[in-house]
2 protein chains.
Amino acid sequence: MHLTQDEIVTHLQTLLLKEQISINKTVLELHSKDESYHKPHNPEVVVYPYTTADTSKILMFANDYNIKVVPFGLGTSLEGHVIPYNQQLTIDFSLMNKILDVSPEDFLVTVQPGVTRSELNKALKRHGLFFPVDPGADATLGGMVATNASGTTSVKYGVMRDQVRDLEVVLADGRIIHTGNRAAKSSSGYHLNGLFTGSEGTLGAFTELTLKVHGIPEHIMAGRAIFPTIKDAIESVVSILQAGIPIARVELVDEASIEQVNSHSDQDFPVKPTLFLEFHGNEAGLKSDVDFMKLIVEDHYCEGIEFEKDNTKRNILWEARHNLAYAYTHGYPGKDMMVTDVVLPISKLAEAVIFARTELDKTLIEGGILGHVGDGNFHVLLMIDPNNPAEIKKAHDFNEKLVMHAINNGGTCTGEHGVGIGKQKYQRIEHGEAYDVMIAIKQVLDPKNILNSDKNITIN
Amino acid sequence: MHLTQDEIVTHLQTLLLKEQISINKTVLELHSKDESYHKPHNPEVVVYPYTTADTSKILMFANDYNIKVVPFGLGTSLEGHVIPYNQQLTIDFSLMNKILDVSPEDFLVTVQPGVTRSELNKALKRHGLFFPVDPGADATLGGMVATNASGTTSVKYGVMRDQVRDLEVVLADGRIIHTGNRAAKSSSGYHLNGLFTGSEGTLGAFTELTLKVHGIPEHIMAGRAIFPTIKDAIESVVSILQAGIPIARVELVDEASIEQVNSHSDQDFPVKPTLFLEFHGNEAGLKSDVDFMKLIVEDHYCEGIEFEKDNTKRNILWEARHNLAYAYTHGYPGKDMMVTDVVLPISKLAEAVIFARTELDKTLIEGGILGHVGDGNFHVLLMIDPNNPAEIKKAHDFNEKLVMHAINNGGTCTGEHGVGIGKQKYQRIEHGEAYDVMIAIKQVLDPKNILNSDKNITIN
């Protein structure tokens, strides 16, 4: 049994309002891609649930008729997660975008999956709260849970998984479950919060998220430190961590990327391996931390360190860092960006970044290196010509070298972008027999294999 | 097919050394109980693996012959987790007690499951590191992962699950997997670290743990604050958290428990609701935090606050708090201790603790209240006469009232002790249809239901 586009629409119309179902060509195309280099592919139908009940009806129908589906937020994923290569139906959660509850006393919010992180932060500000996970893109929170996103602040505040207290999830067969509760900790039952976070739409669709939020820090100090080599920059971070100085953000930006920052953000930063740093705390404690930190970086041949005290200048600094991906895109018109995403134990990071630069230079492809150094995570941004198969192959081979190097050194193929389709070929290599456990879980929770079935955990 | 004790021994002798297998009556009795009030029950055989390969052989044999097994650390569990009510074979991991690796640069250790937390901390000290999770008892780290233990420092450093980077797990059928890696974060595959942590021996046996460790704080301040009421004490903690002051420990001790502390630890603390507090950081930052904190507690009618500056006095303070459970046991010879373990969102905590005290008074059972207030977790310690069925029933009914009150207020039946057999009857109530997902996972990973099958997730 294989329903046609018409049949799917006819069925959905018995369950939902007409306005919730679309086969408009432009709409289909908007759901054919994400922000990655992966090839677009249209779904046959896009459906917009308003409620959990709608989502349950849609999945019950899809499961009954073996229709493969993919949940969709805003399409900011970086490994093709939301591209419906073998899915007929995209479930777009952008209309489930309400902030349902803010509980400042409990440091909790409950939101629908279509709320973006900037919308959430806007609502939190008046309570003196913020949501720390910042993957760069203004992604939906549902999408961020699906990929276990993280970003610059994870070294202090943790990744998405660390913020998830409860998910309302619609399972493949339409059943609705809650994976957690509102308590700060629990040893009751299996840890479903952790299992569903990062499951990339393969175990269920999220319809409500209860997330931990944090108090806006009393005091923030941000600065830039430049070094003669990448190795010195990374080794100084290791020393800062070992000294027990709590860093809120520490980003490595290599020379090539500083050049992009300068030209895109109208800055004049020295073209040197640079750390962008941030510290959160009370004023007296920060002063003491920063003074100690300065001594440490000097030991690692730091050539200059500057702190921005006022808020505006600090924002400009971080905007420059955050816009780096867009800087590259603008700097190389007509080219697509491929981004690597390995993580290594921090003791192996300097060597890995040097390895990456050496190998990147060999490819002759333009690109730069960015690192969430405190987590051992770094990205290589490669600008590739989508019409040059030889270059694409070179870029893929380069990515594979980095991934294998990371895995062989106790690391992982993806720190924050997720598996999608881009990192599938490394799953068996990285997880070994544990991959069979993942497959068994996928099979038992989605026996008809309808949920984003060609992404993350795939059954052959 | 059901093997006898003799047959199990004979089979095991073909796989292991004779010295690894015991049917000695004293040994069986030592494996018949934990530290809870739950009724003891002997296993038929105890087996001591030396290696992962041993463990794999044992489980392969058990699975082939449908022999139910329970993994065992030191028997410090509090809900009957390790009591072999329906298990013939106890696998005792106390001889797998090596610290395999300490990597200060990566803040990681790799240990065998039989290492205790105090053994680990002894080895870490020379590196300026410590392992923060402290459940009171000197449990094995394998056991602490199995129950997702936590304790006084979790408000700052997180629970066991937050420390787990990788587990080597022997599955029911003897297969050996790794659930993670050495990277600080990962979005690759499903989060097996989280799933296996807290699984209470029902999904596999742990043979190697890679855990996050932390730098010993530069500076520590610890103190006691007394309040006219429990409500004032808890509300001051909420205000401290909202002010963004990072607390490393905050323990509520009620009047009855202060009396026990005084008589057992030879102290003379005022018999008032008391907070034991600790802060970690640099000296200047701590001074600023503590000054601010003092203003806040004064707003909440604090009647006195004292800080211990020197290390010895600080240790005496925390020893008094830590020995409280033993103080009660000594204070009521012949009685057994039952400990409740609910968690609520912190906004509901004061009301819940007051409810607990009111209901406890009604039972006329002696006991006290202790709280990891920063996490919303509190324990009621009840001293019950094991030969008085009416009293035992009253204690159970009381526990049930607290659990239902917690669940109805967004909380959980267990924050750190785990489910074992004591909290099973609340699993369906707490998790709803999510419990079916847990059962499905248990069934697919342990199809013959041999792994600690009457604990945590049970299949009827």
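Residues numbered from 1 in each chain as written. Chains lettered and ligands numbered in written order. Predicted model: local features only at pLDDT ≥ 70, side-chain atom pairs only at ≥ 80, totals over all residues. Heavy atoms only, no water.

1. Concerning the sheet that holds strand 16 (residues 336-339) of chain A
Residues and elements named next belong to chain A.
Here is step 1: Pairing is antiparallel across the open sheet formed by seven strands, whose spatial order is 15-12-14-13-17-18-16. Both edges of this open sheet fall to strand 15 (304-308) and strand 16, since each of them pairs with a single strand only. Neighbour-to-neighbour, the strand axes of this sheet turn through a mean angle of 20 degrees, independent of strand direction.
Here is step 2: With four bridges connecting them, strand 16 and strand 18 (residues 377-384) associate as antiparallel partners. Note that in strand 18 the partner of Val-339 across the bridge is Leu-381. (Pairing = 2+ DSSP bridges. Helix = DSSP H or I, 4+ residues; strand = E, 2+ residues; numbered from the N terminus. Axes fitted to C-alpha atoms, helices over the stretch in contact; angles between N-to-C directions.)

2. Structural notes on the pairing of strand 6 (residues 108-111) of chain A
Residue and element names in this part refer to chain A.
Here is step 1: Burial along strand 6 is two-sided: the face carrying Leu-108 and Thr-110 and the face carrying Val-109 and Val-111 are both buried.
Here is step 2: In the sheet, strand 5 (residues 99-103) pairs with strand 6 via four bridges, with the strands oriented antiparallel. Each residue of the ladder has a partner; that of Ser-103, found in strand 6, is Leu-108.
Here is step 3: A loop of four residues connects strand 5 with strand 6, the two strands running antiparallel in sequence, and Phe-107 in this loop sits at a positive phi of about 55 degrees. (Buried < 20%, exposed > 50% of the residue type's maximum accessible area, 1.4 Å probe, protein only.)

3. Considering the nonpolar core
Here is step 1: Ranked by size, the top nonpolar core spans 178 residues in total, and within it A:Phe196, A:Phe378, B:Phe196 and B:Phe378 carry the most contacts.
Here is step 2: Ignoring sequence-local partners within four residues, the contact set of A:Phe378 consists of A:Thr340, A:Asp341, A:Val342, A:Leu344, A:Leu349, A:Ala352, A:Val353, A:Ala356, A:Ile369, A:Leu370, A:Gly371 and A:Leu402. (Core = buried A, V, L, I, M, F, W, Y, C linked by side-chain atoms within 4.5 Å. Contact = heavy atoms within 4.5 Å.)

4. Some remarks on the relation of the copies chain A and chain B
Here is step 1: Screw-axis analysis of chain A against chain B gives a translation of 0.0 Å along the axis, an RMSD of 0.0 Å, and a rotation angle of 180 degrees. Viewed as a symmetry operation, the transformation between the two copies matches a two-fold axis. Relative to the rotation axis, the C-alpha of A:Gly285 is the closest in chain A, positioned 1.7 Å from it.
Here is step 2: The residues that chain A uses at the interface reappear at the interface of chain B in 100% of cases, marking a shared surface. (Least-squares fit on C-alpha atoms with pLDDT ≥ 70 in both.)

5. Regarding the environment of A:Asp446
Residue and element names in this part refer to chain A.
Here is step 1: With respect to the helices, strands and loops of the structure, Asp-446 is situated in the segment after helix 17 (434-445).
Here is step 2: Linking Asp-446 and Asp-254, residues 192 residues apart in sequence, is a C-alpha distance of 44 Å.
Here is step 3: Excluding residues within four positions of it along the chain, Asp-446 makes contact with Ala-172, Thr-202 and Leu-451.
Here is step 4: Polar contacts involving the side chain of Asp-446 include one to the side chain of Lys-442, which spans 2.7 Å. (Polar contact = N/O pair within 3.5 Å; in protein donor to acceptor, adjacent residues only side chain to side chain.)

Functional significance is not addressed by these values, which are geometric in nature.
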